[in-house]
Structure formats: C-alpha cells, structure tokens
Amino acid sequence: QWMPALAAGLVGQSEWSEYFPDCGGTSQSPVDVMTTQAKYDPSLIPVTPLGYSQHGNQPFTMYNNGHTVVIELPEWMGLGGLPWFFTAIQMHLHWGNDGPSPGGSEHTINGLSADAELHVVHYNSELYPNMSAAMTQKDGLAVLGILIVTGEETNPAFNNILNYLSRIRHADQKAFIPAFDVQSLLPEDLGRYYRYNGSLTTPPCHQSVIWTLFHKRVQISVAQLLKLEKILYSSKAEEPDRMLLQDNYRATQPLNHRVIFTSFS
Ligand code: SG7
Ligand code: ZN
C-alpha cells in the first residue's frame, strides 16, 4: 500500500526507494532490451499458457487499483515451460497518455517503447503456498510481458476488457465482466521471447520476477488505445480532484550485472 501520491504518473518514481528499499535494488524492472547484447539460450522452450482458453462461465473480477486495471484470473490458469509450474493470479496493463506517441510500454527494445504493455502475473505454486509468500522470493513470480502497438485494425480480444472500463472509472471500483479467452490477448508466437530476472515494476519492487517478454507485439487500433488512456481515474469517486490514470509505466532501470537471454537466434 504505497502512498497515493506515488500511485500514478512518472513523477515521483525516483523517490520510491525512500519508502520501498527494494525499488533501489540492482535487479529492477523494466529494462531496455539491447538485442545485440542479448544471449541466445537454446534451452529456452516456448512458454505454455495452460487453461487460458478454458474460461468457464464464472465472470472475471476487474478493478481499478488507482494505478491500473487489474483482472483477476481463475486459479486453474497457469504457465508451463519454466522450471516450475506457475499459477495465474491476474493481468493488468500499462499505458501512456496521448495515443501512439512515445512512451506507454514499460519494457523497451533497442530504446524504442511500444504504446502499451500487458502483464500476466503468475506465482510459483510448486515452491510457495500463495502469491504473498512468493512475491518476496527470487524465483517466486513469472510475468508475461506483451508489447502493444497501434495499427489500422481493431483487436476484438481487447474489447473484452475495454468495453467494461466505464464501470470502474474511479479507484477502488470493481466490476464483474464476462469471462473470455485470455490466450487471445497474447501473440501467436510464444516461442520467441526475451528472458531475464527482474522485479515488480511498482512498489514494493520486490526482485522476485522471472520475466518473459515476447518478441512479437500485438496490435490494437488507435481508438482502442485512446479509450484505455482517457477513461480511468487514479482518484476515488469521492475525491474532488479528478486525476486521469495515465502514464502508469515505470522508466527503464539499469541492467547492472544481468544478462538478457533470448529463446531464438
Ligand atoms: C499493478 O502492478 C498491479 C499490482 C502489481 C503491480 O499495480 O497489477 O497487482 C495488484 C494486485 O494490485 O503487483 C504484486 C503485483 O502483482 C506490479 O506488477 S508488475 O510488476 O507485473 N507490473
Ligand atoms: Zn505490470
């Protein structure tokens, strides 16, 4: 529970470490992926989303936490292809403020940002009993990062989220939304990705995340991006000063001693 003033926007990120020491650590996320420095690791097999398409009839819970829109995932969804099985917890998005202008994604590739980024968060349920136990351990979490760029076509999969954002305009609001195929949000090519050890990109910034950033980007329309950028507030309904929830991406962090591995050459 970070101070509300730290909740959204690029301002104040440099002060996070005063309240959350891990934010000043040496294995932080996001990072810039310099593709010429990345190292091919032939042991990196495709990640396998498990049960992502078996959504059932139970609606998903979606809420505005003042920093992003979070969609809780059912416990039968998980991730294979890593040394342990990881159970899905939630997914959420990061974005900028002015349509397809620079900024929006957290990770960058060769210095270039995408327009937005989807994160699917999982915890290591082979080694830890729950998310809160796992999130302080270095092998505790696995997050999939999907870079989102704008193009001509509407991406109908993202409307499963965007269509319902008006129900959670203010911080702490919650809505039930029809369950949908989560795999439809991912790129088709799950075999080509970047892998490195990093952190949560918001306070408390625990260095507990095995990151998988897909090489292939997914595309949404400019109208879809603008809807995401202009509909949510980081403030609660009862608060008089309305603050649009924008620019909820963290600046890239130094790689320091780390190596980024690629699953492809
Ligand atoms: C967003 O990013 C939320 C947080 C998440 C954080 O603020 O999705 O999750 C909840 C439940 O509020 O924190 C522990 C956690 O998942 C950081 O996640 S991220 O590193 O993938 N961006
Ligand atoms: Zn995130």
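Residues numbered from 1 in each chain as written. Chains lettered and ligands numbered in written order. Predicted model: local features only at pLDDT ≥ 70, side-chain atom pairs only at ≥ 80, totals over all residues. Heavy atoms only, no water.

Thoughts on the site of ligand 1
The local shell around ligand 1 holds 17 residues, among which Asn65, Gln90, His92, Leu200 and Thr201 are the closest. In the model, a nitrogen atom of ligand 1 is placed 3.3 Å from a nitrogen or oxygen of the histidine 119 side chain. Side-chain polar atom of threonine 201 to a nitrogen atom of ligand 1: 2.7 Å apart, as the coordinates give it. With the chains in place, 85% of the 500 Å² that ligand 1 exposes on its own is no longer accessible. Counting residues per element, the ones that place at least two in the shell around ligand 1 are strand 7 (86-95) and strand 10 (116-124). Looking at which element gives the most residues to the shell around ligand 1, the answer is strand 7, with 3 residues. (Near = heavy atom within 4 Å. Polar contact = N/O pair within 3.5 Å; in protein donor to acceptor, adjacent residues only side chain to side chain. Areas by Shrake-Rupley, 256 points an atom, 1.4 Å probe, with all protein chains shown as cover. Helix = DSSP H or I, 4+ residues; strand = E, 2+ residues; numbered from the N terminus.)

Considering the side chain of aspartate 247
Note that aspartate 247 resides in the loop between helix 4 (222-231) and strand 16 (261-262). The buried charged residue aspartate 247 lacks any salt bridge partner; its closest oppositely charged side chain belongs to lysine 230, at an N-O distance of 9.4 Å. At 3.0 Å, the side chain of aspartate 247 and the side chain of asparagine 97 are in polar contact. (Buried < 20%, exposed > 50% of the residue type's maximum accessible area, 1.4 Å probe, protein only. Lys, Arg positive; Asp, Glu negative; His and termini not counted. Salt bridge = Lys/Arg side-chain N within 4 Å of Asp/Glu carboxyl O.)

Description of the packing of aromatic side chains
All told, the structure shown has 3 aromatic pairs when counted by the stated rule. Positioned above the aromatic ring of phenylalanine 264 is the side chain of arginine 192, whose terminal nitrogen or guanidinium carbon lies 5.7 Å from the ring centre. It is arginine 242 that lies over the ring of tyrosine 233; its NZ or CZ is 5.0 Å from the centre. (Phe/Tyr/Trp six-rings, centres within 6.5 Å; stacked < 30°, edge-to-face > 60°. Lys NZ or Arg CZ within 6 Å of the ring centre and 35° of its normal.)

A closer look at the coordination of the zinc ion (ligand 2)
Donor atoms from the polypeptide that coordinate the zinc ion (ligand 2) comprise His92 (NE2), His94 (NE2) and His119 (ND1), at 2.0 Å from the metal. For the zinc ion (ligand 2), the 4 donor atoms in the first shell make angles of 98 to 116 degrees at the metal, a pattern classed as tetrahedral. For the zinc ion (ligand 2), the single-chain donor residues occur in sequence as H-x1-H-x24-H. Of the two residues, histidine 92 and histidine 94, both sit in the buried class. (Donors = N, O, S within 2.8 Å, 3.2 Å for Na, K, Ca; no water. Tetrahedral: all angles 85-135°; square planar, octahedral: opposite > 155°, others 65-115°.)

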